[in-house]
Amino acid sequence: MLLNHESSQLVLVDYQEKLMPAIADGESVLKNARTLATLAKKMRVPVYGTEHMPDKIGKFDSVLALLCKATMRKTQFSACPEGLIDLISPKAPSGNARSMPKHLQKAPPQNERPSIVIAGVEAHVCLLQTALDLLDQDMEVWVVTDACGSRTDRNRDAAFDRLAGNGAELVTTEMVVFEWLEGAENEHFKFALDLIK
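Below is a summary of the structure that appears in this document. (Residues numbered from 1 in each chain as written. Predicted model: local features only at pLDDT ≥ 70, side-chain atom pairs only at ≥ 80, totals over all residues. Heavy atoms only, no water.)

The next thing to look at is the overall build of the protein chain. For the protein chain, the count of helices and strands is 8 helices and 6 strands. Mapped in sequence order, the helices and strands of the protein chain form the string β-α-β-α-α-β-α-β-α-β-α-β-α-α. Looking at the protein chain as a whole, 48% of its 197 residues are labelled buried. Put simply, 72% of the contacts in the protein chain that link residues at least 6 apart link residues at least 24 apart. Counting only carbon and sulfur atoms, one obtains 51% of the accessible surface of the protein chain, whose full area is about 10,400 Å². (Helix = DSSP H or I, 4+ residues; strand = E, 2+ residues; numbered from the N terminus. Buried < 20%, exposed > 50% of the residue type's maximum accessible area, 1.4 Å probe, protein only. Contact = heavy atoms within 4.5 Å. Areas by Shrake-Rupley, 256 points an atom, 1.4 Å probe, with all protein chains shown as cover.)

Taken as a whole, helix 7 (residues 173–181) has its buried residues at Thr-173, Val-176, Val-177, Glu-179, Trp-180 and Leu-181. Where the residues of helix 7 are buried, they touch strand 1 (8–13), helix 1 (26–42), strand 4 (115–120), strand 5 (140–144), strand 6 (169–171) and helix 8 (189–196). Positive phi shows up at Glu-182, right after helix 7, with a value of about 70°.

All right, on to the pattern of salt bridges then. A full pass over the atoms with the stated rule returns 8 salt bridges. Residue Lys-56 pairs with Asp-55 through a salt bridge whose shortest N-O separation is 3.9 Å. You'll find Lys-56 and Asp-55 in the same group, each marked exposed. Sharing partners across several salt bridges, the network here consists of Asp-153, Arg-156 and Asp-157. (Salt bridge = Lys/Arg side-chain N within 4 Å of Asp/Glu carboxyl O.)

The strand order across the open sheet built from 6 strands is 3-2-1-4-5-6, with neighbouring strands paired in parallel fashion. Taken across any chain shown, the strands that pair with only one partner, and hence form the sheet edges, are strand 3 (70–74) and strand 6. Strand-to-strand twist of the sheet, defined as the mean angle between neighbouring strand axes without regard to direction, takes the value 25°. (Pairing = 2+ DSSP bridges. Axes fitted to C-alpha atoms, helices over the stretch in contact; angles between N-to-C directions.)

Right, let's get into the nonpolar core. Of all hydrophobic cores here, the largest spans 61 residues; its most connected members are Leu-12, Tyr-15, Leu-134, Val-143 and Trp-180. In terms of residue count, the dominant contributor to this core is helix 5 (residues 123–136) (8 residues). (Core = buried A, V, L, I, M, F, W, Y, C linked by side-chain atoms within 4.5 Å.)

Before going further, it helps to spend a moment on the packing of aromatic side chains. In total, this model carries 0 aromatic pairs according to the counting rule given. Taking the ring centre of Phe-191 as reference, the NZ or CZ of Lys-42 above it sits at 4.8 Å. (Phe/Tyr/Trp six-rings, centres within 6.5 Å; stacked < 30°, edge-to-face > 60°. Lys NZ or Arg CZ within 6 Å of the ring centre and 35° of its normal.)

Right, let's talk about the pairing of strand 1 for a bit. The element strand 1 is extensively covered by neighbouring structure, given that 6 of its 6 residues are classed as buried. The alternating pattern of strand 1 places Ser-8, Leu-10 and Leu-12 and Gln-9, Val-11 and Val-13 on opposite faces, both of which are buried. Inspection of the sheet shows strand 1 paired to strand 4 by 6 bridges, in the parallel sense. Paired with Val-13 across the strands is Gly-120, a residue of strand 4. In this sheet, strand 2 (residues 47–52) lies alongside strand 1 in parallel orientation, the contact comprising 4 bridges. Looking across to strand 2, one finds that Leu-10 is bridged to Val-47. Traced from strand 1 through helix 1 to strand 2, the parallel crossover comes out right-handed. (Right-handed = clockwise from strand over helix to strand, strands pointing away.)

Counting through the fold element by element, His-188 comes out in the loop between helix 7 and helix 8. Since its relative accessible area comes to 12%, His-188 is described here as buried. Beyond its immediate chain neighbours, meaning those up to four positions away, His-188 contacts Leu-39, Lys-42, Met-43 and Leu-181.

The following block contains the structure:
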């Protein structure tokens, strides 16, 4: 099973200015998130960000914010209860009376972008809870491990074990990049190579 850019969405969780210095290997984690978001924008993959209580933890990374279609604020650790599902899911058609016979009702919209590529911090808190909630909604979740971080490697690794055990696909930034490209003939190939070098 490979990722396809036409069926992907990118969700970036809580890359915030006061939190990033405390994240183990935080510079590399942020660099990988920026690589993903930059290529996603170039390839027209929708990018969404979340920021957890920015008044306390600081604003979402300004570079990432410019690449996001929307950035939502949240107070819960998981972004799903506060609106992420609405951002990444198609809206139901209006005027669909439940009292109508089933064969006359409009079919619910199918998500044209069912692959949720997700990365963020802290891996064992907000990223984990958001990804588990997405899995609980029967979404296809791809966790970009080298764009995720926690204050300790032990917490980060425990989150990855738990996510894999619950059905998330664990990938790296370069895996996502090359699967989105599909081949060297892709018009964005050189752009992507320059990003990852």
